[in-house]
Amino acid sequence: MAHAHPAHEGPEVYFQYESLDQQQESYTLGMWAFLVTEVMFFGALFLIYTLYRMKFHEDFFLAHEQLNWKMGGLNTVILLTSSMTVALAVHFAQKGKKAAQLTCLGVTLLCAFGFLVVKTWEYGAKGDHHLYPNWTFSYGHEEGKEHKVKSFWDDTLPQALHIEKKEMHGNPERAKLFFSIYFTLTGLHGLHVVIGIIAITSLMILIWRNSSLITDYVPTELVGLYWHFVDLVWIFLYPLLYLIPR
Amino acid sequence: MSATLIEQGTQEPGFKRNYLNTDHTIKSWLLTVDHKRIGVLYLIAVTFFFFLGSIAAAMIRYELTSPHGILLSSEVYNKTFSAHGILMVFQFLVVAIPAVLGNFLLPIMIGARDMAFPRLNLLSWYMFMVGGSLILLSFAMGGVDAGWTFYVPLSTISQTQISICLVGIFITGFSSIFTAVNFIATIHKMRAPGMTWFRLPLYVWSHYSTALVILLGTPVVAITLFLVVVERTFGFGVFSAELGGDPVLFQHLFWFYSHPAVYIMILPAFGVISEIITCFSRRPIFGYKFIAFSSLAIAFLGFLVWGHHMFISSQSVFQGVIFSLISFILAVPSAIKVFNWTATMYKGSVHFSTPMLYALGFLGLFIIGGLTGLFLASLDTDVHLTGTYFIVAHFHYVMVGGTILAYLGGIHFWWPKMFGRTYSETWGRLSAIVIFAGFNITFFPQFMVGYLGMPRRYHYYYTEPSWQFYHILSTAGSTVLGVGFLMPAIYLTYSLFKGKPCGPNPWGAKGLEWEHCDSPPITENFAEPILVMDNVYNYDPAADSAKYENEEVDMLGGRS
Ligand SMILES: [Cu+2]
């Protein structure tokens, strides 16, 4: 524990802390501890996904073709961009450049909204195809939709190389399981995005108003850490759900 | 209750400021960020939930006195034991020691003015109350019949109020996650100068281990229960066999948390016992580092044994063997603690004050609870005993005999510190003895009737009327136990008003909370900055004994 800082101007030190260093380290550690919890929270879902995918690989492969990898890819790009801007916001916060910090946070916020808009499109499309995994679910019952999507990696390339293509059969009930997991995972992730939007907005308002709460770069860093975590979850979700190999 | 606590203090001549009398409004309590006041808020809350859970327990015991049942229909009986389990586990045992004593003592023990995040601490209390209220709401709307374990498919097809109850448990779970985040940041970053890791009281070490378990385990059960709610609400199926899902996967995920949850309950108890035993033996604790690291070992190994709850749930024999083996290994660090406590008492000057009686009761009951756990961890005996009253008796020995006795011991030990008044030693010792006796009469017969084959969660046993003897014995014991629990409730409340005011260190104990802090403490905890120079538990058996005797005589008002 360092000695108490002299009471000159600068970030407010709360009564329970001896020094600004102690306060900043405590906040950062607390956030990391919380993120450990979040990792376990999503970790359980990833475990469930992994087990079922190992068990029902064919069904999962066929079900995943119903997802639009371009939309998912777009969202990946959006979130990666937001990760960069939030990192820049922390950088500018440390330098004390308020305008640049606010701009970066604003771009992050836009990306977050953009992500949600794309996600809403996707969810809507799933509804149109009766892919909500409840009583409205009807997959594989539509005639003429027998997984005819031809792809370079799965059809053209294997044919060119004369690789025997494995015949796959999908079980609609298992597809329902896939979509249960898909909606739970992406839904919870979307909820985290919404929480992130609330956090970023509050932070921006406080900075805008020159609140004494935010004379310090640490709140921006905490929001940044949280946002990186949200992005990271998506970085795992995208390949696992959208890019299942044969 | 909170209003009554505030009354005292002002009436005393020579008014001395402390955390209780700085402000008297209800608002000052409900918006407090003082870790001590939050501890008191938790004390009131968990006492309330314990009381409700005990009523359910009394109904169960009354029902079982006859082989045909006398009080409840089958449906109501299912709801009663579910209510008992849910309230006791999620609203009492998991929170009792960390949230009440942990909140109150942790910052003081490490020489800090408060937790690292006081407002988050208050938020935890509110989330705990919201979660508890939702659970009670689900009971009021008709109850829950799936037991505290919520096994699917029962919990997904049951027509009772399971969703509301699970949402309540989810919120309570995040309340304890926030408490754990607070503990970890506090222990890492808020220690006073000179308070190195190996000068920390073992109480702090055990709370640190507990916080780790909460952080890693609770989110897993939260998401698992959340999936059950999703399945009930939206018709998604992750655990439904008819959708290709796997109900046993629910059990794996549930026990991945719920076995470590046993350590969330018992590790803080270990911490309390370490403090009490070293104080009333007047000796430095034997094997400080062994006890500290055995807490961490328990926290780690606790995550690797969940399968011992599933020996008969279609798990492969190979898995069973592995889980059984690790469960046996897990007994080692617990045994290390027991041996170290025993060695601490050896050649110490042991004083049988109320907290020490509770601690000794803990030792006896925890040893029985732990050793019967080994019966259940071995594959073949478990196949015979699982799902019987043997299991019921085993986990009550660990949870009630372990956690609640340690909790009460801790409450009696730190009561003078928390409220600045002493209670009647005579009544205190009597209550410890009554609880110990009542507990054994209640639960020992359950080992026997369980071994004979009485299944848990049944309320009829008319095919085996001979079991009635054990059940009546158990019910009689539970009455004694109930009286034992009522006694502290009465004399401790009485002591708030009429107890003799005490000095900062009525037990002659070592530690920052006793040596540098008033009773009750001031809001900032310490009048002057803390610099730790000594090692922890630097008791000197010879010198301290005499001093202690005097203070005890003083405290008991002339008796000894
Ligand atoms: Cu277990």
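Below: a short report on this structure. (Residues numbered from 1 in each chain as written. Chains lettered and ligands numbered in written order. Predicted model: local features only at pLDDT ≥ 70, side-chain atom pairs only at ≥ 80, totals over all residues. Heavy atoms only, no water.)

Quick word on the overall build of chain B
- A count of helices and strands for chain B gives 19 helices and two strands.
- Its C-alpha atoms give chain B a radius of gyration of 23 Å, near enough to 24 Å, the size a compact globule of 560 residues would have.
- Viewed in the frame of its principal axes, chain B has a C-alpha envelope of about 70 × 45 × 45 Å.
- Residues counted as buried form 62% of the 560 residues belonging to chain B.
- Restricting the contact set of chain B to residue pairs at least 6 apart, pairs at least 24 apart contribute 81%.
- Counting only carbon and sulfur atoms, one obtains 70% of the accessible surface of chain B, whose full area is about 19,900 Å².
- For chain B, the distance from the average position of its 28 positive side-chain charges to the average position of its 28 negative side-chain charges is 6 Å. (Helix = DSSP H or I, 4+ residues; strand = E, 2+ residues; numbered from the N terminus. Rg over C-alpha atoms; globule rule 2.2 N^0.38 Å. Buried < 20%, exposed > 50% of the residue type's maximum accessible area, 1.4 Å probe, protein only. Contact = heavy atoms within 4.5 Å. Areas by Shrake-Rupley, 256 points an atom, 1.4 Å probe, with all protein chains shown as cover. Lys, Arg positive; Asp, Glu negative; His and termini not counted. Charge placed at Lys NZ, Arg CZ, Asp CG, Glu CD.)

Section: the coordination of the copper ion
All names here are of chain B.
- Every protein donor of the copper ion is listed here as His259 (ND1), His308 (NE2) and His309 (NE2), and their distances to the metal cover 1.7 to 2.0 Å.
- One chain supplies every donor for the copper ion, spaced along it as H-x48-H-H. With histidine 259 in helix H10 (residues 247-281) and histidine 309 in the loop between helix H11 (288-301) and helix H12 (317-345), the pair connects residues that are 50 residues apart, well separated along the chain. (Donors = N, O, S within 2.8 Å, 3.2 Å for Na, K, Ca; no water.)

A closer look at the nonpolar core
All names here are of chain B.
- With 241 residues, the main nonpolar core has Phe150, Phe362 and Tyr407 as its most contacted residues.
- It is H10 that provides the largest number of residues to this core, a total of 23 residues.
- With 12 residues, the next largest nonpolar core counts Ile60, Tyr77, Tyr389 and Val449 among its residues. (Core = buried A, V, L, I, M, F, W, Y, C linked by side-chain atoms within 4.5 Å.)

Considering the interface of chain B and chain A
- At the interface, 40 residues of chain B touch 38 residues of chain A.
- Summing both sides of the interface, chain B and chain A together bury roughly 3,300 Å²; the carbon and sulfur share of this comes to 71%.
- Together, Arg113(B), Lys189(B) and Phe236(B) form the three largest contributors to the area buried by chain B at its contact with chain A, with a combined 19%.
- Summed over the shared surface of chain B and chain A, the number is two salt bridges.
- The salt bridge involving Glu25(A) is made with Lys189(B); its shortest N-O contact spans 3.3 Å.
- Along the contact surface separating chain B from chain A lie 11 residue pairs in polar contact (both at pLDDT 80 or more). (Buried area = accessible area lost by both parts, 1.4 Å probe. Salt bridge = Lys/Arg side-chain N within 4 Å of Asp/Glu carboxyl O. Polar contact = N/O pair within 3.5 Å; in protein donor to acceptor, adjacent residues only side chain to side chain.)

Here's the deal with the pattern of salt bridges
Residues and elements named next belong to chain B.
- A full pass over the atoms with the stated rule returns seven salt bridges over all chains.
- Here glutamate 524 makes a salt bridge to arginine 17, at a shortest N to O gap of 3.4 Å. With a gap of 507 residues between them, glutamate 524 in the loop between helix H18 (512-515) and helix H19 (541-555) and arginine 17 in the loop between helix H1 (2-7) and helix H2 (26-30) connect regions that are remote in the sequence.
- Note on glutamate 524: relative accessible area 33%, which makes it partly exposed.
- Under the relative-accessibility criterion, arginine 17 is labelled partly exposed at 42%.
- For glutamate 425, the salt bridge is made with arginine 429, and the minimal N-O distance between the two is 2.9 Å. You can see glutamate 425 and its partner arginine 429 sitting in helix H16 (residues 425-452), four residues apart, about one turn around the helix.
- The exposure class assigned to glutamate 425 is buried, which follows from its relative accessible area of 5%.
- Overall, arginine 429 belongs to the partly exposed group, its relative accessible area being 25%.

Some words on the environment of Leu154(B)
Residue and element names in this part refer to chain B.
- By secondary structure assignment, the location of leucine 154 is in helix H7 (residues 154-157).
- The partly exposed category is assigned to leucine 154, whose relative accessible area is 43%.
- Separated by 93 residues in the primary sequence, leucine 154 and proline 247 place their C-alpha atoms 9.9 Å from one another.
- Leaving out residues up to four positions away in the same chain, leucine 154 has contacts with Asp145 and Ala146.

Points about the packing of aromatic side chains
Residue and element names in this part refer to chain B.
- Under the criterion given, the structure shown has 71 aromatic pairs over all chains.
- The interplanar angle of 80° and the centroid separation of 5.0 Å between the aromatic rings of tryptophan 125 and tyrosine 126 together place this pair among those described as edge-to-face.
- Residue classification places tryptophan 125 among the buried residues on the basis of a relative accessible area of 8%.
- Here tyrosine 126 falls in the partly exposed class, since its relative accessible area comes to 31%. (Phe/Tyr/Trp six-rings, centres within 6.5 Å; stacked < 30°, edge-to-face > 60°.)

Looking at helix H15 (residues 389-419) of chain B
Residues and elements named next belong to chain B.
- At phenylalanine 413, H15 is deflected by roughly 45°, the largest bend along its length, and proline proline 416 occurs up to four residues later in sequence.
- Most of H15 is tucked away, with 30 of its 31 residues classed as buried.
- The N-terminus of H15 is capped by threonine 388, whose side-chain oxygen sits 3.0 Å from the backbone nitrogen of phenylalanine 390. (Bend = angle between axes of the 7 residues up to and from the residue.)

Some words on empty space enclosed by the protein
All names here are of chain B.
- Enumeration over the complete set of coordinates arrives at three cavities of 30 Å³ or more.
- Looking at the largest cavity, its volume works out to about 110 Å³.
- Forming the boundary of the largest cavity are Phe90, Val94, Ile169, Phe170, Thr172, Gly173, Ser176, Thr218, Val221, Ala222, Leu225 and Tyr257.
- Put simply, the parts of the chain that give the lining of the largest cavity at least two residues each are helix H8 (162-189) and helix H9 (202-234).
- Considering each element in turn, the lining of the largest cavity owes the most residues, five residues, to H8. (1 Å grid on protein atoms, 1.4 Å probe; cavity = no way out; pocket = protein on both sides within 12 Å on 5 of 7 lines; lining within 4 Å. Points joined across faces, edges and corners; volume = space filled by probe spheres on them.)

What to know about H9(B)
Residue and element names in this part refer to chain B.
- For H9, with 33 residues, the first-to-last C-alpha span of 47 Å sits near the 48 Å given by 1.5 Å per residue.
- Within H9, 27 of the 33 residues are buried, which leaves the element mostly enclosed by the surrounding structure.
- Looking one or two residues beyond H9, the residue adopting positive phi is glycine 235, at roughly 80°. (Expected span 1.5 Å × (residues − 1).)

Description of the side chain of His308(B)
Residue and element names in this part refer to chain B.
- Mapped onto the elements of the fold, histidine 308 is located in the loop between H11 and H12.
- Since its relative accessible area comes to 16%, histidine 308 is described here as buried.
- Those residues in contact with histidine 308 that lie beyond four places of it in its chain are His259, Phe323 and Ser327.

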